[in-house]
Amino acid sequence: MNAPTFPPLMSGQATVEDPMDVATQMAIAGCDAGTVVYNLGPNELRAAIIFAPEVPLSEAMIMLPICGIGFQNALGAIAPPEIAVLLDWDGTIRVNGAVCGALSVSAAASTDDVPDWLIVGLRVSLHSNATSPGATPDVTTLYDEGCGDISATQLLEGWSRHTLVWINRWSDDGVQPIHAEYTGLLHLHDDQIGVDAQFGLLRKTDGATTLTPLTDLLEQT
C-alpha cells in the first residue's frame, strides 16, 4: 500500500495505535500543526488532524464542523451518486441514514483561552466483521453501501484535501459559508431544531429552546 499524499501545509504520520492518542502525545510535545496521524486498518480508517488555533477555544471548535464538511465532500466526490452522506451534530457520520463512523475532538484547554492545540479525529467503517450483514440496520459500512472500491488511502487523502479547502474558506470569508454548508448536511433528531451562529445545538423541549455549545463535545485528555 502506497503512503497517502497530503496537500501543502499538511504532513502524515502512520501509526498502528489509536491516532487520537498518538496525536495528543505529539501535540503535547509540540509537533507541527497540520500533522495527520493515521491508521489504515483493513476494516476501519482512523485518523486525526492536529491544529494550532489562533482564536479562543469556543471559536476554534469550528474545526469540528469543518472537518465534517471535509469528510462529506471527500466521500461525496468518490462515492456513487446515490450515496447520501450526512452529519449528526455530535460528530456521527451517516451514510444512507445509518451510522458509518464518527468525528471526535479534543483540545489542550478546557477554558475559553486560546488552546495550544486542538485535534479532530475521524473513524470510518470500511468493511464489517459481522457474520450476519444487515443484522444492525442502523449501523453500516462503506462496503455495505456500495462503496467497496473506495480505499482508506483515497478517503484519507480526500478528507485532508477537502478539509484544507474549507479551512481556507473560513480564513478568507469567515463563518457564514461554513455555517451554510454545515446546516445543509446536518441530520437532525426529533427535538433538534438547528444550530446557532457558533454551531451550538438548539433543542426545543416543552416549548423552551435550549442551547448546547460545541465545547460540550470535547473529549477528556
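The notes below deal with the structure included here. (Residues numbered from 1 in each chain as written. Predicted model: local features only at pLDDT ≥ 70, side-chain atom pairs only at ≥ 80, totals over all residues. Heavy atoms only, no water.)

1. Brief notes about the overall build of the protein chain
Put simply, the test is: Here a helix means four or more residues in a row that DSSP labels H or I, a strand means two or more in a row labelled E, and each is numbered from the N terminus. The globule rule is 2.2 Å times the number of residues to the power 0.38, and the radius of gyration it is compared with is taken over C-alpha atoms. A 1.4 Å probe rolled over the protein chains alone gives each residue an accessible area, and that area as a share of the maximum for its type sets the label: buried under 20%, exposed over 50%, partly exposed in between.
Counting secondary structure elements, the protein chain contains five helices and ten strands. For the protein chain, the C-alpha radius of gyration of 17 Å lies close to 17 Å, the compact-globule estimate for 221 residues. For the C-alpha atoms alone, the extent of the protein chain along its principal axes is close to 45 × 45 × 30 Å. Evaluated residue by residue, the protein chain yields a buried proportion of 47% over its 221 residues.

2. Let's talk about the pairing of strand E6 (residues 98-107)
Two faces, one strand: in a regular strand the side chains alternate between the faces of the sheet. Heads up, the condition is: When DSSP finds two or more bridges between two strands, those strands count as paired.
The buried count for E6 comes to eight of ten residues, which makes it a mostly enclosed element. As judged from the four bridges shared by strand E5 (residues 92-95) and E6, these two strands associate in the antiparallel manner. Residue pairing for E6: valine 95 is matched across the bridge by alanine 98. In terms of strand pairing, E6 meets strand E7 (residues 118-125) through seven bridges, oriented antiparallel. By the bridge assignment for E7, alanine 102 is matched with arginine 123.

3. A look at helix H5 (residues 175-185)
The condition that has to hold: The contact definition used throughout considers only heavy atoms, calling two residues in contact when any of these lie within 4.5 Å.
Along H5, the residues classified as buried are Pro177, Ile178, His179, Tyr182 and Leu185. Where H5 is buried, its residues touch helix H3 (63-78), strand E4 (85-87), helix H4 (152-173) and strand E8 (192-195).

4. Some thoughts on the pattern of salt bridges
Note the threshold: What makes a salt bridge here is a side-chain nitrogen of Lys or Arg within 4 Å of a carboxyl oxygen of Asp or Glu, nothing more.
If you walk through the whole model with that rule in mind, you get five salt bridges. In this structure, arginine 94 engages aspartate 88 in a salt bridge whose closest nitrogen and oxygen atoms are separated by 2.9 Å. Accessibility classification places arginine 94 together with aspartate 88 in one group, the buried group. Each of Glu44, Arg46 and Arg123 takes part in a single network of salt bridges with overlapping partners.

5. A look at the nonpolar core
Quick reminder of the rule: Residues belong to a common nonpolar core when they are buried Ala, Val, Leu, Ile, Met, Phe, Trp, Tyr or Cys residues joined through side-chain atoms within 4.5 Å.
The biggest cluster of nonpolar side chains holds 54 residues, and the ones touching the most others in it are Phe71, Leu75, Leu118, Val120, Leu142, Leu155 and Trp159. Among residues more than four places away in sequence, those in contact with valine 120 are Met20, Ala47, Ala48, Ile49, Phe51, Met63, Leu64, Cys67, Leu103, Ser104, Val105 and Trp159. One finds Ala23, Ala27, Val37 and Trp117 within the second-largest nonpolar core, a separate group that totals nine residues.

6. A few points about the sheet that holds E7
Strand pairing in a sheet takes place through backbone hydrogen bonds and is either antiparallel or parallel in direction. How we decide: Orientation is described by axes fitted as lines to C-alpha atoms, over the contacting stretch for helices, and by angles from 0 to 180 degrees between their N-to-C directions.
The sheet built from seven strands is open, its strands ordered E1-E2-E3-E7-E6-E5-E4 with mixed pairing. Looking at strand neighbours, the two that pair on one side only are strand E1 (11-14) and E4, the edges of this open sheet. Averaged over all pairs of adjacent strands, the angle between their axes in this sheet comes to 20 degrees, without regard to strand direction. In this structure, strand E3 (residues 44-51) lies alongside E7, joined through eight bridges in antiparallel fashion. Note on E7: the bridge partner recorded for alanine 47 is leucine 122. Across the face of the sheet, helix H1 (residues 19-29) comes into contact with E1, strand E2 (35-40), E3, E6 and E7 while running at roughly 20 degrees to E3.

7. Details of unusual backbone geometry
Notably, leucine 9 is not glycine yet its phi reads approximately 80 degrees, a positive angle. Along the chain, leucine 9 turns up in the segment before E1. Phi angles above zero are rare outside glycine, and aspartate 206 is one such case at about 50 degrees. Along the polypeptide, aspartate 206 turns up in the loop between strand E9 (201-205) and strand E10 (208-212).

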